[in-house]
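Summary of structural features
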Amino acid sequence: MVNAPGAAATVCLSPVVRQSAARGFGTVRGGALYPVLGRLENDGLVGARWQAGEAGPGRKVHRLTDAGWARLREEREGWEHFSSSVDRLLARVDDVGRERT
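This structure is a prediction, so every number in the text was calculated from the model and none was measured. (Residues numbered from 1 in each chain as written. Predicted model: local features only at pLDDT ≥ 70, side-chain atom pairs only at ≥ 80, totals over all residues. Heavy atoms only, no water.)

**Examining the pattern of salt bridges**
Tallied over the full model, the rule gives 4 salt bridges. Of the charged contacts in the structure, one is a salt bridge between Glu 41 and Lys 60, with a shortest N-O distance of 3.5 Å. Of this pair, Glu 41 sits in helix H2 (residues 30-42) while Lys 60 sits in strand S3 (residues 59-64); the two residues are 19 residues apart in sequence, bridging distant segments of the chain. A residue is classified by how much of its surface remains accessible, and Glu 41, at 29% relative accessible area, is partly exposed. Residue classification places Lys 60 among the partly exposed positions, given a relative accessible area of 37%. (Salt bridge = Lys/Arg side-chain N within 4 Å of Asp/Glu carboxyl O. Helix = DSSP H or I, 4+ residues; strand = E, 2+ residues; numbered from the N terminus. Buried < 20%, exposed > 50% of the residue type's maximum accessible area, 1.4 Å probe, protein only.)

**A look at H2**
If you check H2, its first and last C-alpha atoms are 18 Å apart, about what 13 residues at 1.5 Å a residue would give, namely 18 Å. Positioned one or two residues after H2, Gly 44 has a phi angle of 80 degrees, which is positive. (Expected span 1.5 Å × (residues − 1).)

**A short note on the side chain of Thr 65**
As for its position among the elements, Thr 65 is in the loop between S3 and helix H3 (66-100). Judged by its relative accessible area of 17%, Thr 65 falls in the buried class. Each residue touching Thr 65, except ones within four places of it in the same chain, is listed here: Gly 44, Leu 45, Val 46 and Gly 47. (Contact = heavy atoms within 4.5 Å.)

**So, the confidence of the model for the protein chain**
Across the protein chain, pLDDT averages 83, with 87% of residues at or above 70. Mean pLDDT values over the elements of the protein chain span from 58, in strand S1 (residues 10-11), up to 92, in H3. (pLDDT = per-residue confidence, 0-100.)

**Brief notes about the packing of aromatic side chains**
Following the criterion strictly, the structure yields 1 aromatic pair and no others. Judged by centre distance (5.4 Å) and plane angle (45 degrees), the rings of Trp 79 and Phe 82 are tilted. Here Phe 82 and Trp 79 lie together in helix H3, a separation of 3 residues that amounts to about one turn. Judged by relative accessible area, which is 58%, Trp 79 ranks as exposed. Overall, the relative accessible area of 46% leaves Phe 82 in the partly exposed class. (Phe/Tyr/Trp six-rings, centres within 6.5 Å; stacked < 30°, edge-to-face > 60°.)

Here it is, written out as structure tokens:
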């Protein structure tokens, strides 16, 4: 669960990782994920705190900071531009393919 800026934007990563795998992104391993989270935290884009476990060990809970939300918007805009450029390119390839047949 991810909340909008200004809300208590905390994320439990286990469901996010499971959803990513279910959507075809493959398995995300802690050895890949946690160094990235550490860099995001060092850059001030993610905040983290320890949360006590109910029946087991505690866990580190991450949230986007205001700077993280701003960066997410910027990256999303860049991705949308890239994605639409690729869509246009593929449409041209399709057009050329139809002309050749």
